[in-house]
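Coordinates in review
Read off the chains here:
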Amino acid sequence: MKRVLYGSIAILVVFIALGFAYKNAADVTVRYYGGLAWQAPLALVLVVVLVMGIIVGFMASLNRLVRLRRQLGVARKQVRQMEQEVANLRALPIKDVL
């Protein structure tokens with residue numbers, strides 16, 4: 001059921017984006033420092049800016065991601081050591097029960 005809902009939402013978003021691109025087909029000029037300019041359709045400019053934002057956001061979170069993966073590796077190693085300790089303790093013979 002979720003797959004159908006997500007698929008329907010994705011199709012709706014695509015149709016809205018295509019309608020936006022069709023209605024805003026006029027070229028816009030993006031000016032940079034030093035007299036550089038780029039002229040392209042508005043929809044293309046927005047897509048390029050979106051992709052650039054995704055890349056910058058990923059690069060900003062990369063440091064935290066690497067740190068968390070390192071912590072996960074340390075935690076998994078500790079879990080393996082503790083599981084080995086528990087297995088060793090369970091293997092010990094029981095003495096002086098009564």
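Thresholds, definitions, all that
- Residues numbered from 1 in each chain as written.
- Predicted model: local features only at pLDDT ≥ 70, side-chain atom pairs only at ≥ 80, totals over all residues.
- Heavy atoms only, no water.
- Helix = DSSP H or I, 4+ residues; strand = E, 2+ residues; numbered from the N terminus.
- Rg over C-alpha atoms; globule rule 2.2 N^0.38 Å.
- Pairing = 2+ DSSP bridges.
- Patch = residues over 30% accessible without salt bridge, like charges linked within 9 Å, V, L, I, M, F, W, Y side chains within 5 Å.
- Areas by Shrake-Rupley, 256 points an atom, 1.4 Å probe, with all protein chains shown as cover.
- Salt bridge = Lys/Arg side-chain N within 4 Å of Asp/Glu carboxyl O.
- Expected span 1.5 Å × (residues − 1).
- Buried < 20%, exposed > 50% of the residue type's maximum accessible area, 1.4 Å probe, protein only.
- pLDDT = per-residue confidence, 0-100.

A few words on the overall build of the protein chain. Looking only at helices and strands, one finds two helices and two strands in the protein chain. Across the protein chain, helices and strands are ordered from the amino to the carboxyl terminus as α-β-β-α. In summary, the protein chain has a C-alpha radius of gyration of 28 Å against a globular reference of 13 Å for 98 residues, an excess of more than 25%. Counting only C-alpha atoms, the protein chain reaches 90 × 45 × 15 Å along its principal axes.

Bridge count for strand β1 (residues 27–31) against strand β2 (residues 37–41) is five bridges, and the pairing is antiparallel. Paired with arginine 31 across the strands is alanine 37, a residue of β2. In sequence, β1 turns back onto β2 through a hairpin of five residues, with glycine 34 there showing a positive phi of about 80°.

This brings us to a nonpolar patch on the surface. Taken together, the side chains of Val47, Val51, Ile55, Phe58, Met59, Leu62, Leu65 and Val66 present a nonpolar region at the surface, about 680 Å² in accessible area. Mapped onto the fold, phenylalanine 58 is located in helix α2 (residues 42–91).

Let's shift gears to helix α1 (residues 2–23). Here α1 contains 22 residues, and its C-alpha end-to-end distance of 31 Å stays within 8% of the 32 Å for a straight helix at 1.5 Å per residue. With zero of its 22 residues buried, α1 lies for the most part at the surface.

In this section: the confidence of the model for the protein chain. A residue-level look at the protein chain finds 97% of positions with pLDDT of 70 or above and a mean pLDDT of 90. When pLDDT is averaged over each helix and strand of the protein chain, the minimum, 89, is found for β1 and the maximum, 93, for α2.

Along the polypeptide, valine 45 turns up in helix α2. According to the relative accessible area criterion, valine 45 is buried, its value standing at 10%. Between the C-alpha atoms of valine 45 and valine 30, which are 15 residues apart in sequence, the distance is 8.3 Å.

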